[in-house]
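Read off the chains here:
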Amino acid sequence: AQLKLHRKRQRLQGQLDTFTSRRQSLFGSELEDSPLQAQPVTVEDWEEPEEEDDDGEPENHPTVDPDGSAILPELQVLLLPSSQKITPNSPQSLQDPASQQLQLEIGQANDALHKLRLAIGHKSFIFRHRLRRPNNYAKRNRGYDDIHSLDSTVSFNADIYRACRRAMESLGADQTILSKYQEL
């Protein structure tokens, strides 16, 4: 399992290196190195509570390779137009990719909202049909298990939507877009 994980990390790091080397041709020289790129994404960046392992202690989520040489590839932040504040005065070479990323963020926000609606609807259905009606203790417990699994789905998609909205704000989305995609 460790070898498989190591190979996946190597493949991802190769893709990140390719993206970084092509960044200037994609975004021009105006996209400067950001301090965000040097900082890994940490567990605290997500709003979920700490998970505990089997012994009751919080899980250790490493941010660097086991040999301590580099930030794990899955925790590296990509330097995209949304990582800098885009204004109408920004260079054109940044505004074009920013408008493309804005359209992608809008699409991802729509997908996240759709999945949120489905999960909340499914949760309502389960609550109505599996928790209110059963006269059996085991069926009621299974219903609660289903509710808890849907809670994680709702939380995950809400996190995706929030990240999309933050990116829309930093990409300089106008007020009509931000009023349509309100904060949760």
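Residues numbered from 1 in each chain as written. Predicted model: local features only at pLDDT ≥ 70, side-chain atom pairs only at ≥ 80, totals over all residues. Heavy atoms only, no water.

**Remarks on the overall build of the chain**
Tallying secondary structure elements over the chain gives 5 helices and 0 strands in all. By the burial criterion, 26% of the 184 residues in the chain qualify as buried. Counted over contacts in the chain with a minimum sequence separation of 6, partners at least 24 positions apart contribute 61%. Accessible surface, the chain as shown: approximately 13,000 Å² in total, 51% of it carbon and sulfur. (Helix = DSSP H or I, 4+ residues; strand = E, 2+ residues; numbered from the N terminus. Buried < 20%, exposed > 50% of the residue type's maximum accessible area, 1.4 Å probe, protein only. Contact = heavy atoms within 4.5 Å. Areas by Shrake-Rupley, 256 points an atom, 1.4 Å probe, with all protein chains shown as cover.)

**Considerations on the pattern of salt bridges**
Counted according to the given criterion, the structure contains 4 salt bridges. With a closest N to O distance of 2.9 Å, Glu74 and Arg9 form a salt bridge. Of this pair, Glu74 sits in the loop between α2 (35-38) and α3 (92-131) while Arg9 sits in helix α1 (residues 2-27), and the two are 65 residues apart along the sequence. The class for Glu74 is partly exposed, based on a relative accessible area of 40%. The partner of Asp151 in a salt bridge is Lys123, with the nearest N and O atoms 2.3 Å apart. Remark: Lys123 occurs in helix α3 and Asp151 occurs in helix α4 (residues 137-170); sequence separation between them is 28 residues. Take Lys123: its relative accessible area is 27%, and that puts it in the partly exposed class. (Salt bridge = Lys/Arg side-chain N within 4 Å of Asp/Glu carboxyl O.)

**A short note on the packing of α3 against α4**
Between α3 and α4, the shortest axis-to-axis distance is 8 Å and the interhelical angle comes to 165°. The orientation of α3 relative to α4 falls into the category roughly antiparallel. The hand of the α3/α4 crossing is left-handed. In terms of residue class, the contact of α3 with α4 is built from 21 nonpolar, 5 polar and 8 charged. (Axes fitted to C-alpha atoms, helices over the stretch in contact; angles between N-to-C directions. Parallel < 35°, antiparallel > 145°, perpendicular 65-115°, else oblique. Left-handed = near helix turned anticlockwise from the far one by under 90°. Nonpolar A, V, L, I, M, F, W, Y, C, P; charged D, E, K, R; others polar.)

**Here's the deal with the side chain of Gln101**
With respect to the element layout, Gln101 can be found in helix α3. Those residues in contact with Gln101 that sit more than four places away from it in its chain are Leu80, Pro81, Ser82 and Leu171.

Everything listed here is a matter of geometry and, on its own, says nothing about what the molecule does.
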